[in-house]
Amino acid sequence: VQLQASGGGLVQAGGSLRLSCAASGSIFSIDAMGWYRQAPGKQRELVAAITSGGSTNYADSVKGRFTISRENAKNTVHLQMNSLKPEDTAVYYCNADLLGMSGSFLGYWGQGTQVTVSS
């Protein structure tokens, strides 16, 4: 199983970016998918998560600015980030709880994509 993230980059404050993450491999089912971020010197934190049924959860710091969505048929999760702030600068990681060949739901991580917001 592999999670491939894309869409990071450099943007000015107030701008937008869209992150995508596709899961591939021997996958039977995916439960929750989400995005986390880790800024230098800080712990990794949850940004947003979405269940297979479409229920969402956001960190308070991104509510009203970020939108998480998923395409179940493509095993893909997106994060639309608007009104970006310098404090959003971090490496963003996608995560998926999925059922693979192990026979149990396990958490998998993508490789991380850098988001840099300049002031």
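Let us look at the structure shown here. (Residues numbered from 1 in each chain as written. Predicted model: local features only at pLDDT ≥ 70, side-chain atom pairs only at ≥ 80, totals over all residues. Heavy atoms only, no water.)

### What about the side chain of N95?
Step number 1: With respect to the secondary-structure elements, N95 resides in strand β9 (residues 90-99).
Step number 2: Looking at N95, its side chain comes within polar contact range of the main-chain oxygen of Y108, at 3.3 Å. (Helix = DSSP H or I, 4+ residues; strand = E, 2+ residues; numbered from the N terminus. Polar contact = N/O pair within 3.5 Å; in protein donor to acceptor, adjacent residues only side chain to side chain.)

### Section: the environment of T89
Step number 1: Locating T89 in the fold gives a position in the loop between β8 (76-81) and β9.
Step number 2: Of the residues examined, T89 reaches a relative accessible area of 21% and is grouped as partly exposed.
Step number 3: Residues T89 and S6, spaced 83 residues apart in sequence, show a C-alpha to C-alpha distance of 15 Å.
Step number 4: Contacts of T89, omitting those with residues within four sequence positions, involve A39, Q114, V115, T116 and V117.
Step number 5: Among the polar contacts made by the side chain of T89, one reaches the main-chain carbonyl oxygen of P86 at a distance of 2.9 Å. (Buried < 20%, exposed > 50% of the residue type's maximum accessible area, 1.4 Å probe, protein only. Contact = heavy atoms within 4.5 Å.)

### Quick notes on the sheet that holds β8
Step number 1: The antiparallel open sheet is built from four strands, whose spatial order is β1-β3-β8-β7. Strands with a single pairing partner mark the edges of an open sheet, and in this sheet they are β1 (2-6) and β7 (66-71). Averaged over all adjacent pairs, the angle separating strand axes in this sheet is 15°, with direction ignored.
Step number 2: Where strand β3 (residues 17-24) lies against β8, six bridges are found, and the strand directions are antiparallel. Its bridge partner lying in β8, C21 is registered against V77. (Pairing = 2+ DSSP bridges. Axes fitted to C-alpha atoms, helices over the stretch in contact; angles between N-to-C directions.)

### Re the pairing of β3
Step number 1: Strand direction decides the pairing type here: β1 and β3, joined by five bridges, are antiparallel. Along β3, the bridge assignment pairs Q4 with A22.

### Focus on the packing of aromatic side chains
Step number 1: Summed over all chains, the structure comprises two aromatic pairs.
Step number 2: Ring geometry for Y36 against W109: centres 4.9 Å apart, planes inclined by 65°, an arrangement best described as edge-to-face. One end of the pair, Y36, is in strand β4 (residues 29-38); the other, W109, is in strand β10 (residues 105-109), and 73 residues separate them in sequence.
Step number 3: Judged by relative accessible area, Y36 falls into the partly exposed class, the value being 24%.
Step number 4: Seen from their ring centres, Y93 and W109 are 6.5 Å apart, and the 90° between their planes marks the pair as edge-to-face. With Y93 in strand β9 and W109 in strand β10, the pair connects residues that are 16 residues apart, well separated along the chain.
Step number 5: One aromatic cluster in this structure is built from Y36, Y93 and W109.
Step number 6: In this structure, R44 is placed above the aromatic ring of Y93, and the distance from its NZ or CZ to the ring centre is 3.7 Å. (Phe/Tyr/Trp six-rings, centres within 6.5 Å; stacked < 30°, edge-to-face > 60°. Lys NZ or Arg CZ within 6 Å of the ring centre and 35° of its normal.)

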